Amino acid sequence: MRHYNIPIFIPELACPHRCVFCNQSYITGQVEIPQYTDIQNIITKYLETIPQDNTVIQVAFFGGSFTGLPIEIQQNYLHAALTASVGRISGIRISTRPDYITPNIVKMLVDNGVTHVELGAQSMDEEVLKLANRGHEPHHVELASKFILDAGLTLGLQMMIGLPGDDSEKSAKTAEKIVELGATETRIYPTLVIRDTALEKWWQQGKYSPLSLNEAVKLSSKLYNYFTQNHVKVLRTGLYPSEDLNSGAGFLAGPFHPNFNELVMSRIWRDRLEKFLKEPPLVNEVFVAKNKLNHAVGFQSCNKTYFLEKGYKLRYHIDNQLEGEGFYVDYRG
Ligand code: SF4
């Protein structure tokens, strides 16, 4: 089965908050709120490109805070998604703020076909949330998670790394709390300095320094391993590269890379393989599943280069018997 998400972005018009790092129009590349027919058109267009068989399709409302929209708009959007997809989608995913979830809201979501709710937890550290001007506290995340799970929905808790006042220890604690709260999905977003945000001022005044790309990749790979060991699926690391981020129009500083997720997966495979490699004259024959070869070799062959520079002799092979993360190394020579 192949999984497809049909993404629909709801910009910050849905959100009266102003978190220090957020300028949704730059992040999503979109400023106008979509209309009912826009949603139907997006879904119809996507469905034309997705095969009919062996597919699991979800409509995903991202950006902004879905449940911060007036209730009629939420119901309209969900109705548009259900009618446009003519029975082809298996569920609807929304993302929202933890303090915009109540039992009544959850009930409305369930009644209108929502199956997955992702909350922007961002951090479970009180001080970090305060500095980020999130406008909610850790207990809001705890309560909202309970309402979502009690209703039988799938819970996703998104986190950020590199927020003001944050560090790798606090991030690890946030990850532990995410597991403890029963989330089965997460996303890891590195904090970026985006134009026209409070963070831009702090960065210009020297009060805030973002993580370097290397630090963000390293921390994300550690968190990724922790989550997968604890059966929490990491849906993504790094922001979706909107046009504004890619072109640099909205982006000022921080660990942005259009292939951030690839860099993280490469790092995970580098660390994984390194433990098993043996010094020359032995040649390390590395066997991996077909769909993991790119990660094992690394983004733009970065792992291959890394091991070569360390003096290892290494050859990559596909073993069709292998699945998922499985791999083994044969030593020749
Ligand atoms: S709650 Fe979300 S959409 Fe609103 S300002 Fe904060 S990050 Fe941006």
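Residues numbered from 1 in each chain as written. Predicted model: local features only at pLDDT ≥ 70, side-chain atom pairs only at ≥ 80, totals over all residues.

1. Some points on the packing of helix H7 (residues 168–180) against helix H9 (residues 213–229)
And then number 1: Remark: H7 packs on H9, axes separated minimally by 10 Å, with the N-to-C direction vectors making an angle of 25°. Relative to H9, the element H7 is oriented roughly parallel. Our pair here, H7 against H9, has a crossing hand that is right-handed. The residues of H9 that touch H7, namely those facing Ser 168, Ser 171 and Ala 175, are Leu 219, Leu 223, Tyr 226 and Phe 227.
And then number 2: Residues belonging to the contact of H7 with H9 are distributed by class as follows: five nonpolar, two polar and no charged. (Axes fitted to C-alpha atoms, helices over the stretch in contact; angles between N-to-C directions. Helix = DSSP H or I, 4+ residues; strand = E, 2+ residues; numbered from the N terminus. Parallel < 35°, antiparallel > 145°, perpendicular 65-115°, else oblique. Left-handed = near helix turned anticlockwise from the far one by under 90°. Contact = placed C-beta atoms within 7 Å. Nonpolar A, V, L, I, M, F, W, Y, C, P; charged D, E, K, R; others polar.)

2. Side note on the sheet that holds strand E2 (residues 55–62)
And then number 1: The sheet built from seven strands is open, its strands ordered E1-E2-E3-E4-E5-E6-E8 with parallel pairing. Every interior strand has two partners, whereas the edge strands, strand E1 (2–9) and strand E8 (233–237), have only one. Direction aside, neighbouring strands of the sheet carry axes that sit 25° apart on average.
And then number 2: Judged from the four bridges that link them, strand E5 (residues 154–161) and strand E6 (residues 185–190) form a sheet pairing that is parallel. (Pairing = 2+ DSSP bridges.)

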